[in-house]
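Here are the chains, one letter per residue:
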Amino acid sequence: MTVSPSNEDDGGRIVKKVTRRALGGLVVAALVVGGVAAAASWNDEDPPEKAGGLSAEHLTTMFQQYGNTSGSWLGADRTASLKLPDNRILWLFSDTFLGKPGPDGSRPRTSGLINNSAITQTGAALGALHYGGSSAAPSALVPAGKGNDFAWVGDAAVSGESVQVLVNRYQRSGPGPLDHRLTGTALASFGLPDLTTGPVRDLPLGSRVSWGSEVLPDGEFTYVYGTEAAGDMKFAHLARVRGTDLTAPWEFWTGAAWTATEAQSARILSGVGTNYGMRRIGDRYVLVTHENNRTFSGDFVAYTAESPAGPFGGPHYLFDAPEAKAGHIVYDADLHTDLARPGRLLISYNVNNLDEEVTYGDASIYRPRFVEVEWPLDGSSEEGPDTPSGLTAAPDGAGIAGLAWQPVGGDGISYRVYRRDVTDGQTHFVRLPDSPGSATTFRTDFLVNGHDYEFAVTAVDGDGESPLSAPATMRAAVPPPAAPEGIRVDTLADGRVTVHWPEIPFVQLFKVFQRDLTAGQGDPVTAGTYPGRSATIGPLRHGHDYEITVVAVGGGGDSRPSAPVRARPTVAKPPAPQRPSAQVRSDGSIRLTWPQVAPGLSYQVFRRDVTDGGDFGPPGLATGTTFDTGRLVHGHEYEFTVAAVNSGGAGERSPGVRATADVAAPDEAPTRLVADPGPGRVELSWRSTGSRWYWVFRRDVTAGARDFTREEIPVEGTRATVHNLVDGHQYEFAVAAFGDGGVGPQSKVVRTRLPSALPTGLAARSDGPGAVTVTWNEARSGLSYRIQLRDATAGEGWITDPFPVTGNRFEKTLLTGGHRYEFRLQLADGSTTPAASVTVK
């Protein structure tokens, strides 16, 4: 980009050249306001130079091309850079639009928005975009955290094997683009070299200062700068940690010493942006910021100091961003010393427009710009004109200060006017944008009622600029502005309404209010705060009558509301979404995704079972662009179609997509299988895999079974009783989950032995001629036995009595007297007791 005035370097590039003498008056201003200040000069000793670097033109073009061609990153703000240990550059962004521009260069209304992201750069080329979520449903790289609406990134530093990124968390306080409030600061970590996502931890910090405006490693400390927003003014604060780990204890600069108490943190500089650049260059610390002492300024300035905490000399005016003159806002400067060419400051800044119609109309607006400024300052000693004298300041109309001073002798003399808001705590004088030229009077506006101001004047000729004059003071008396008149509204096809109002002198901000008459709404509610002469609000509800009013915000406070105007928005039904994609999932569900039709829409999802020949049923509802069907029938083919919905109704359905539900077999084996044996049975229990149904497998080890046998009936849950087992036998058991997709892996085998049912204490006695009584102790009641006997004297084999016996007693007669007989008991499973013998009488 070009800035004016300018000098061309040897390569034909445009850079800004600043002379020391031209800024002499500004150094004096620092002496008046901030105590001892250092000029931005190195006393003829240049800082160390490094070879290489990238031009501002290259970087600006690089991001424009990336936004036009990457298909992922459409534009973003913040624009912090960090050199990684492998020499890659990590770019950090806050609000990031996703997608690609339309054929006309516009930002499509379907573009997604995430609140932070990152890009890695290798050499002179940008690489992949880093974000959270998935490609189908992207989300912020660093989540907002519980109870917050979004998170914006600050600066970052490398500590050990990770990148630490400071993150500011916010809640929305209204619907307008400026309506949000800080809730706290967190620290996100990413592992190197792959930037793997690590923990995000809340830091024990309050909500007064957004920490992370800049992170400056310097010597044994890492300094962390922050910004306090106080009304219309923003102030820089400073903290530090010893070493490079930002999780270490923080100390805060009080203006005189370091303390562990954040509440004692002091304001060290006014007029900074939410983010700004601070680096040590040579023997000076250089802070570069958007000039925020004036609302919507296009100026970017530098301050210099001998220590990270100041005091600061300046401001040194570097350039005036041309985008501000085109009606856009510019903000958030940063320094990129790792990419700068020798002898130059490489500065980035962000561009946006508070009228979304403008930024959606041209996607290239919302992308970073880069500027190079020759640095350090020229050590020229040419004499400038004398300092003006006799400056007076007096009220000259509502909210206007009239200034006058004595002329300075010489040819080609012109003047510049500077102002400081004492009541707001402004630390340095700021140059006003309109020059009085050669006149010795000047009227300045945009003052705040009841505030005390200091004014100063410098004289400028071909040799440079004089020091500041002695200040003149004045207390402003500013009435509220008049109520806006001539309000008109235009309704848009998507339910939004564009509100227009005429320009009001000395007013830069307007509050817009809406009231839904159809819904019987009582008091108007805010629709946001806006600069300029129009605002687009909504979308509002289709067919409802609304009452719109506008309030002007001036230095004297708020005006009365304008006369209300009515609007009845008509919301056209949204167009059909593009064909959704279908992802078959292992749990039997199907996930549908589709491109966003427009922000703020909901969707109807229709489904039919093609396999069953069914028709589309009632739709499911989705608030985003993904939908999970839940478990479907395994092996069935389904067709899906999607319709977008707004307050005007449901639009046309998308083309259909088909997919077949597939339930995968469980992939997890049950664990903690326990077997509790009992008579003829085993009680099994195990830890669930999340499946509903299980198979039980068993093997009779005692019987010599080689393979497991599956039980005939499946088990629901995690407990089972296996019956009809053989007492005294040893068994092995395993379980496995199953579903429509098949059987999963088996658990580890558990082995157990059933208690034996054989009786004990078997005894036989002869009670009379040819008679024997056999007795035993039962293991448990209810068993039946077969009696086996043999005539041992005669050498007979075992004979089984044909009749089963119950209880614990058996009598046998008609035996041969004098012979010895043996008796034993046999169970139904064939097991037998040891024999008992007796000689029959």
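Preceding this section is the structure that the text describes.
Residues numbered from 1 in each chain as written. Predicted model: local features only at pLDDT ≥ 70, side-chain atom pairs only at ≥ 80, totals over all residues. Heavy atoms only, no water.

Student: In this structure, what is going on with the overall build of the protein chain? I would like to understand it.
Tutor: Counting secondary structure elements, the protein chain contains four helices and 67 strands. Taking 2.2 N^0.38 as the reference for a compact globule, 841 residues should give roughly 28 Å; the C-alpha atoms of the protein chain span a radius of gyration of 43 Å, well beyond that estimate. Dimensions of the protein chain along its principal axes, counting C-alpha atoms only, are 160 × 65 × 50 Å. Expressed as a percentage of its 841 residues, the buried residues of the protein chain come to 50%. Sequence-distant contacts in the protein chain: of pairs separated by 6 or more residues, those separated by 24 or more amount to 60%. When the accessible surface of the protein chain is totalled, it reaches about 37100 Å², and 47% of it is carbon and sulfur. The centroid of the 76 positive side-chain charges in the protein chain is displaced by 9 Å from the centroid of its 94 negative side-chain charges. (Helix = DSSP H or I, 4+ residues; strand = E, 2+ residues; numbered from the N terminus. Rg over C-alpha atoms; globule rule 2.2 N^0.38 Å. Buried < 20%, exposed > 50% of the residue type's maximum accessible area, 1.4 Å probe, protein only. Contact = heavy atoms within 4.5 Å. Areas by Shrake-Rupley, 256 points an atom, 1.4 Å probe, with all protein chains shown as cover. Lys, Arg positive; Asp, Glu negative; His and termini not counted. Charge placed at Lys NZ, Arg CZ, Asp CG, Glu CD.)

Student: Even after reading the chapter, I still don't get helix α2 (residues 56-69), so can you show me in this structure?
Tutor: Every α-helix winds through 3.6 residues per turn, so residues three or four apart in the chain are directed the same way. With 14 residues, α2 extends 20 Å from end C-alpha to end C-alpha; this agrees with the ideal 20 Å at 1.5 Å per step. Those residues of α2 hidden inside the fold are in contact with β3 (73-83), β4 (89-98), β6 (117-122), β7 (125-130), β25 (344-352) and β26 (369-374). Just past α2, the residue Gly 71 takes up positive phi, approximately 75°. (Expected span 1.5 Å × (residues − 1).)

Student: How do you make sense of the sheet that holds strand β28 (residues 401-404) when you look at a structure like this?
Tutor: Hydrogen bonds between backbone groups are what pair the strands of a sheet, and the pairing can be parallel or antiparallel. Read across the sheet, three strands follow the order β27-β28-β31 without closing on themselves; strand pairing throughout is antiparallel. The open sheet is flanked by β27 (392-395) and β31 (441-444), the only strands paired with a single partner. On average, adjacent strands in this sheet sit at an angle of 20° to one another, irrespective of strand direction. With four bridges joining them, β28 and β31 adopt antiparallel strand pairing. (Pairing = 2+ DSSP bridges. Axes fitted to C-alpha atoms, helices over the stretch in contact; angles between N-to-C directions.)

Student: I tried to follow the pattern of salt bridges on my own but got confused; where do I start?
Tutor: Think of it this way: side chains of opposite charge can pair up when their charged atoms draw near. This model, assessed by the stated rule, comprises 45 salt bridges. The salt bridge partner of Lys 325 is Asp 320, with a shortest N-O separation of 2.3 Å. Look at Asp 320 and you get partly exposed, because its relative accessible area is 33%. We note a salt bridge from Arg 699 to Glu 732, for which the minimum N-O separation is 2.8 Å. Of this pair, Arg 699 sits in strand β53 (residues 693-700) while Glu 732 sits in strand β57 (residues 730-739), and the two are 33 residues apart along the sequence. Since its relative accessible area comes to 16%, Arg 699 is described here as buried. By relative accessible area, Glu 732 is classed as buried at 10%. Each of Arg 109, Glu 356, Glu 357, Asp 494 and Arg 496 takes part in a single network of salt bridges with overlapping partners. (Salt bridge = Lys/Arg side-chain N within 4 Å of Asp/Glu carboxyl O.)

Student: How should I be thinking about the nonpolar core in this particular structure?
Tutor: Soluble, globular proteins show a tendency: their nonpolar side chains are buried together. Counting residues in each nonpolar core, the largest one holds 25 residues, and the members touching the most others are Tyr 225, Leu 238, Ile 268, Leu 269, Met 278, Leu 287 and Phe 312. Those elements that provide at least two residues to this core are β15 (221-230), β16 (233-242), β21 (284-290) and β22 (299-305). Not counting residues up to four positions away in its chain, the partners in contact with Leu 269 are Lys 234, Phe 235, Ala 236, Leu 287, Tyr 303, Phe 312, Thr 427 and His 428. (Core = buried A, V, L, I, M, F, W, Y, C linked by side-chain atoms within 4.5 Å.)

Student: How should I be thinking about the pairing of strand β12 (residues 180-191) in this particular structure?
Tutor: Regular strands show a simple pattern: their side chains alternate between the two faces of the sheet. Of all 12 residues that make up β12, nine are buried, and the element is covered over most of its length. Sheet topology note: the strand β11 (residues 162-172)/β12 ladder contains 11 bridges and is antiparallel. Bridge pairing in β12 links Tyr 170 to Leu 182. In this structure, β12 lies alongside strand β13 (residues 196-202), joined through five bridges in antiparallel fashion. When the bridges of β13 are listed, Ala 186 appears paired with Asp 202. Here β12 folds back onto β13 in antiparallel fashion, the turn holding four residues, of which Leu 195 has a positive phi close to 55°.

Student: Would you take a moment to explain the side chain of His 500 for this structure?
Tutor: Within the secondary structure, His 500 sits in strand β36 (residues 497-500). Given a relative accessible area of 18%, His 500 falls into the buried group. Polar side-chain contacts of His 500 include one of 2.9 Å to the side chain of Asp 490. (Polar contact = N/O pair within 3.5 Å; in protein donor to acceptor, adjacent residues only side chain to side chain.)

Student: Would you mind showing me how to read the packing of aromatic side chains here?
Tutor: Overall, the coordinates contain 32 aromatic pairs when judged by the stated rule. Aromatic side chains Phe 63 and Trp 73 sit 5.7 Å apart centroid to centroid with 50° between the ring planes, which places their arrangement in the tilted category. Of this pair, Phe 63 sits in helix α2 while Trp 73 sits in strand β3, and the two are 10 residues apart along the sequence. The class for Phe 63 is buried, based on a relative accessible area of 0%. Relative accessible area serves as the criterion here: at 0%, Trp 73 is assigned to the buried category. (Phe/Tyr/Trp six-rings, centres within 6.5 Å; stacked < 30°, edge-to-face > 60°.)

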